[in-house]
Amino acid sequence: MLSHPVEQRPVSRRQLLQASLLTAGGAALADVLRLRSLAASQSAPRRETSVIFVVLGGGPSQYETYTPKPEAPVEYRGAFGSISTRVPGVSFCELLPQQAQLMDKVSIVRSVHHEQASHIALHIVYTGYDLRSSANALKGEMPTVGSVASRVRGVGPTGIPAFVALPRLFAYASPHWLGAQHQYFGVREDPNEPDFQVSNLAPNEKVTVDQLQDRRALRRRLDRQTRMVDLERSADTIDAFSQQAFDLVTGEAARKAFDIERETPALRDRYGRTSIGQRMLLARRLVEAGVPFVTVRMGDWDDHIDLPGRIRKRAPEYDAGLSALINDLHERDMQRDVLVVAMGEFGRTPRVNPNGGRDHYPAVNNVLLSGGDFRMGQVIGETDRNGAEVVEAPYRPQSVLAMVYRHLGIDPGMTFKDYAGRPRYVLEQREPITELI
């Protein structure tokens, strides 16, 4: 409703520019929400499942996480020992004591592998496809898994985006031919900061709510006078999506989902007062609010030098944050509806290098999964005595994505037309991890 009648008069260029200033981010928010219409209209009723995809950027060492090799020579096993987990016969690195006590609630795939030893391997992790040309570095060539989830599942009834990235993703996160409406909603701000606020949800501090109301009225008049159209040439829907953007900025649904201050200090302490811990907690709030796909990125795992010194601080933060997330989901009886996946783009070399680190090694990678309707409490696949080669149940990153799509109720064999009109599979390689089923 308008606070007062708006006189019908010509619209100036200055007013046209002002109409787009709904938020500090300009018209981008309204445009993104407007373009998301197709997904919402085409979504079929289904079980409300979600995925929290934890990206360990840089590639963590399997030896210092989930595949210690205590019997191997020191140049392979590294500086840390192993500890028993809750499942007999399964050991983790001593750096992950909290996760070791949750082994009955997770499954570890120790035998994921591929051939790409560069960080462009993230493209395989996000899309299920090898990057064919270095000219597409960072931009990528195929739609990312979160964009596929957004395209098929669509936005929820509250209007909260279907794909949220904590923090923003810097590579291979494009929706490509699925449409810009399926780009992630990125949160660059750190929820561990005392003044945390999502900038895209905050009105421009120079713009009052009354002024926003006036600009909504201006937008409606502009639509009637110029017959602006969206990508489907349908001017009738424009004001509805501007309304979504307005509701996202001034309404309560998104604000509540992103308001981490609503959590008790004790629970926030359990997750850890760290960037990764609080992002894990925020991810739980988002899936609880109905967001189908959330990425949580923790970088700096690229330990070419001084791996022991670098990982001593990082691993406990990751251990506390992920453990709290898994426990929290179980305590809220959300574990069947929410699948947690944690992985990097590759593992690390079997031998410690002369600089005390480990280098890129795509021949062996570890993946943690927790939740869904999948079988937990098991280790899948194995490597040889020194951890250099997969010797049992080899899988590729595409199989991990196949399980993600299965959980979301998305057929990885479905196709979407690319820019040239050619049908492209969500996944061309879609072998499931059968031990999980």
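### Remarks on the sheet that holds strand 7 (residues 293–298)
Taken in spatial order, the 8 strands of this open sheet run 6-5-7-1-8-11-4-12, and their pairing is mixed. With one partner strand each, in any of the chains shown, strand 6 (185–186) and strand 12 (378–380) form the two edges of the open sheet. Two elements, strand 4 (residues 107–112) and strand 12, share 3 bridges in a ladder whose sense is parallel. Considered in strand 12, the bridge of V109 is made with I380.

### Description of unusual backbone geometry
Put simply, L166 and P167 share a cis peptide bond, and its omega is -10 degrees. Phi angles above zero are rare outside glycine, and D306 is one such case at about 40 degrees. Inspection of the secondary structure puts D306 in the loop between strand 7 and helix 13 (307–331). Within the chain, D333 stands out as a residue other than glycine whose phi angle is a positive 55 degrees. Tracing the backbone through its elements, the reader meets D333 in the loop between helix 13 and strand 8 (338–343).

### Details of the confidence of the model for the protein
The pLDDT averaged across the protein works out to 84; a share of 77% of its residues lies at or above 70. Of the regions scoring below 50 in pLDDT, residues 31–45 engages in 34 contacts with residues more than four places distant in sequence or in other chains. Across residues 224–244 the pLDDT falls below 50, and counting only partners more than four positions away or on other chains, this stretch makes 31 contacts in the model.

### Looking at the environment of E331
Checked against the element boundaries, E331 lands in helix 13. Residue E331 is classed as exposed on the basis of its relative accessible area, which comes to 54%. Engagement of the side chain of E331 in a polar contact is seen with the side chain of R270, the distance being 3.2 Å.

### With respect to helix 13
The end-to-end C-alpha distance of helix 13 is 35 Å, a good match for the 36 Å that 25 residues give at a rise of 1.5 Å each. Considering bend angle alone, the principal kink of helix 13 is centred on K313 and spans about 30 degrees; proline P316 follows within four residues of it. Two to three positions downstream of the cap, the backbone nitrogen of G309 sits 3.2 Å from a side-chain oxygen, assigning the N-cap of helix 13 to D306. A positive backbone phi angle near 55 degrees is found at D333, which sits one or two residues after helix 13.

### As for the side chain of S107
Within the secondary structure, S107 sits in strand 4. Discounting residues that sit within four places of it in the chain, S107 has contacts with V367, L368, L369, R375, M376, G377, Q378 and L436.

### Some remarks on the packing of aromatic side chains
Scanning all chains against the criterion turns up 7 aromatic pairs. Look at F53 and F293: their rings are 6.0 Å apart centre to centre, the planes differ by 25 degrees, and that puts the pair in the stacked class. Here the residue F53 occupies a position in strand 1 (residues 50–56), and F293 occupies one in strand 7, the gap between them amounting to 240 residues. Taking the relative accessible area as the measure of exposure, F53 reaches 1% and is therefore buried. Taken together, a centroid distance of 5.9 Å and an interplanar angle of 45 degrees make the contact between F185 and F258 tilted. Separated by 73 residues along the polypeptide, F185 in strand 6 and F258 in helix 10 (residues 253–258) bring together distant segments of the chain. Judged by its relative accessible area of 6%, F185 is buried. On the basis of relative accessibility, which here comes to 5%, the residue F258 falls in the buried class.

### Things to note about the packing of helix 12 (residues 275–288) against helix 13
Helix 13 packs onto helix 12 with a crossing angle of 20 degrees between their chain directions and a minimal axis gap of 8 Å. Viewed along their axes, helix 12 and helix 13 adopt a mutual orientation that is roughly parallel. The element helix 12 and its partner helix 13 pack so that their crossing is right-handed. Along its contact with helix 12, which presents I276, G277, M280, L281 and R284, the element helix 13 presents E317, Y318, G321, L322, L325, D328 and L329. Residue classes in the contact of helix 12 with helix 13 are distributed as 7 nonpolar, 2 polar and 3 charged.

Basis of the calculations
- Positions within a chain are numbered from 1, following the residues in the order the chain's sequence is written.
- Only residues with pLDDT of at least 70 get local features here, since the model is predicted, and only at 80 or more are side-chain atom pairs given and counted; chain-wide, interface and lining totals rely on the full set of residues.
- Each side-chain value is derived from all of the structure's non-hydrogen atoms; neither hydrogens nor water enter the calculation.
- A pair of strands is considered paired only if DSSP assigns at least 2 bridges between the two.
- Think of it this way: any DSSP run of H or I at least four residues long counts as a helix, any run of E at least two long counts as a strand, and we number them from the N terminus.
- Per-residue confidence from the predictor is reported as pLDDT, a score between 0 and 100.
- In what follows, a contact means two residues having at least one pair of non-hydrogen atoms within 4.5 Å.
- Throughout this description, buried means an accessible area under 20% of the type-specific maximum (1.4 Å probe, protein chains only), exposed means over 50%, and partly exposed covers the range between.
- Polar contact criterion, stated in full: a pair of N or O atoms within 3.5 Å, where within protein one must be able to donate a hydrogen and the other to accept it, and residues adjacent in sequence count only if both atoms are side-chain atoms.
- In a helix, the anticipated span is given by 1.5 Å times the number of residues less one.
- Bending is quantified residue by residue as the angle between axes fitted to the seven-residue window ending at that residue and the seven-residue window starting at it.
- Only centres within 6.5 Å qualify two rings of Phe, Tyr or Trp (six-membered ring in Trp) as a pair; their planes then separate them into stacked at under 30 degrees, edge-to-face at over 60, and tilted for everything else.
- Angles shown run from 0 to 180 degrees and are taken between the N-to-C directions of axes, each axis being a line fitted to C-alpha atoms and, for helices, limited to the stretch in contact.
- An angle below 35 degrees is treated as roughly parallel, one above 145 as roughly antiparallel, one from 65 to 115 as roughly perpendicular, and anything else as oblique.
- For any pair of crossing helices, the crossing counts as left-handed if the nearer helix is rotated counterclockwise from the farther one by less than a right angle, and right-handed if it is rotated clockwise.
- Classes in brief: Ala, Val, Leu, Ile, Met, Phe, Trp, Tyr, Cys and Pro nonpolar; Asp, Glu, Lys and Arg charged; the others, Gly included, polar.

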